[in-house]
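# Fold and contact review
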Amino acid sequence: MAEDARATPIPPRGRNTEAIRKTNKANVRRILEAFNTGNTAIVDEVAHPALVSYTPKPGCPGDREGLKKQIVLFRQMFPDARFEEQEIIAEGDVVHLRWKMVGTAKGEFLGRRLPEKQITQYGQDTVRLAKGKQVEHRDTFDLMGFLDKLGVLDPAMLQQLRDSGFRR
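Below you will find a few notes about this structure.

## What about the overall build of the protein?
What the protein contains, in helices and strands, is 5 helices and 7 strands. Computed over its C-alpha atoms, the radius of gyration of the protein comes to 16 Å, within 12% of the 15 Å expected for a compact globule of 168 residues. By principal-axis analysis of the C-alpha atoms, the protein measures approximately 50 × 35 × 25 Å. For the protein, buried positions account for 43% of its 168 residues. Considering only contacts in the protein between residues 6 or more positions apart, those separated by 24 or more positions represent 62%. Mean positive and mean negative side-chain charge positions of the protein (28 and 23 charges, respectively) differ by 2 Å.

In structure tokens:
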């Protein structure tokens, strides 16, 4: 694995048929459903037990259980969050998804109370699938911008992020 796992490429492999692309897109869309509903059982349906996320969120391991934890924590922070697909592109076993989230913060992040404030956030995910299950994941999500929109980005929060393993 690369020194900075976030730089690990996820190149397409294998066959590239319309049927494979359609099935893989449907799989990745299910994760949006999990984030929209809080139903973590969806993760067990669509992600391989050995899923590797190269960009886990603070306090979450980079595996399938970490993804489930991320969904639970996010729904606690944004109980009304709504994720929408902006674009989705598939090539063989790799899917790229650009999404938009609108939600009102009502919970905590790293022990800090979030102000009740609606925000809009965008992100991108790249996922590789094998035998119908997600096996590799990387996202691009502006965590600093997200925290700044919430009004909680300050030196103390930056230290908490570093302590939890976050790197810029």
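After that view of the structure, there is still more to cover.
## Notes on the layout of surface pockets
Within this model, the largest pocket holds a volume of roughly 660 Å³. Elements with a minimum of two residues in the lining of the largest pocket: α1 (18–37), β1 (47–53), α3 (64–77), β3 (94–104), β4 (108–109), β6 (118–130), β7 (133–141) and α4 (143–150). Ranked by residues supplied to the lining of the largest pocket, first place goes to α3 with 7 residues. Residue composition of the lining of the largest pocket, by class: 23 nonpolar, 10 polar and 5 charged.

## Notes on the nonpolar core
Formed by 37 residues in total, the largest nonpolar core has its most connected members in Phe78, Met101 and Phe146. In this structure Met101 touches Phe74, Phe78, Ala81, Arg82, Phe83, Ile119, Thr120, Gln121 and Phe146, once residues within four positions along its chain are discounted.

## Digging into the pattern of salt bridges
Pairs can form between side chains of opposite charge once their charged atoms are near each other. The final tally for this structure, using the stated rule, is 11 salt bridges. Notably, a salt bridge pairs Glu33 with Arg30, separated by 2.9 Å at the nearest N-O pair. With a gap of 3 residues between them, Glu33 and Arg30 both fall in helix α1, about one helical turn apart. By relative accessible area, which is 26% here, Arg30 ends up partly exposed. Residues Glu136 and Arg128 are paired through a salt bridge, measuring 2.6 Å at the closest nitrogen-oxygen approach. When its relative accessible area of 12% is taken as the criterion, Arg128 is described as buried.

## Details of the packing of α1 against α3
Think of two packed helices as two axes; the pair is described by the angle between the axes and how far apart they sit. Following both chains from N to C, one finds α1 and α3 inclined at 40 degrees, their axes separated by 8 Å at the closest point. When the axis of α1 is compared with that of α3, the two are oblique. Residues Ile31, Ala34, Phe35, Asn36 and Thr37 of α1 pack against Leu67, Gln70, Ile71, Phe74 and Arg75 of α3. Along the lines of polarity and charge, the residues of the contact of α1 with α3 split into 6 nonpolar, 3 polar and 1 charged.

## Notes on unusual backbone geometry
Even without a glycine there, the phi angle at Lys131 is positive, about 50 degrees. Within the secondary structure, Lys131 is located in the loop between β6 and β7.

## A closer look at α1
The first and last C-alpha atoms of α1 sit 29 Å apart over 20 residues, in line with the 28 Å expected at 1.5 Å per residue. Every buried residue of α1 is accounted for by Arg21, Asn24, Asn27, Val28, Ile31, Leu32, Ala34, Phe35 and Asn36. Those residues of α1 hidden inside the fold are in contact with α2 (41–46), α3, β2 (82–91), β3, β6 and β7. Positive backbone phi, at 80 degrees, marks Gly38, one or two positions downstream of α1.

## Some details on the environment of Ala156
Topologically, Ala156 is positioned in helix α5 (residues 155–163). Along the chain, Ala156 and Ala19 lie 137 residues apart, while their C-alpha atoms are 49 Å from each other.

Procedures and definitions
- Residues numbered from 1 in each chain as written.
- Predicted model: local features only at pLDDT ≥ 70, side-chain atom pairs only at ≥ 80, totals over all residues.
- Heavy atoms only, no water.
- Helix = DSSP H or I, 4+ residues; strand = E, 2+ residues; numbered from the N terminus.
- Rg over C-alpha atoms; globule rule 2.2 N^0.38 Å.
- Buried < 20%, exposed > 50% of the residue type's maximum accessible area, 1.4 Å probe, protein only.
- Contact = heavy atoms within 4.5 Å.
- Lys, Arg positive; Asp, Glu negative; His and termini not counted.
- Charge placed at Lys NZ, Arg CZ, Asp CG, Glu CD.
- 1 Å grid on protein atoms, 1.4 Å probe; cavity = no way out; pocket = protein on both sides within 12 Å on 5 of 7 lines; lining within 4 Å.
- Points joined across faces, edges and corners; volume = space filled by probe spheres on them.
- Nonpolar A, V, L, I, M, F, W, Y, C, P; charged D, E, K, R; others polar.
- Core = buried A, V, L, I, M, F, W, Y, C linked by side-chain atoms within 4.5 Å.
- Salt bridge = Lys/Arg side-chain N within 4 Å of Asp/Glu carboxyl O.
- Axes fitted to C-alpha atoms, helices over the stretch in contact; angles between N-to-C directions.
- Parallel < 35°, antiparallel > 145°, perpendicular 65-115°, else oblique.
- Expected span 1.5 Å × (residues − 1).

The values are spatial; any link to function lies outside them.
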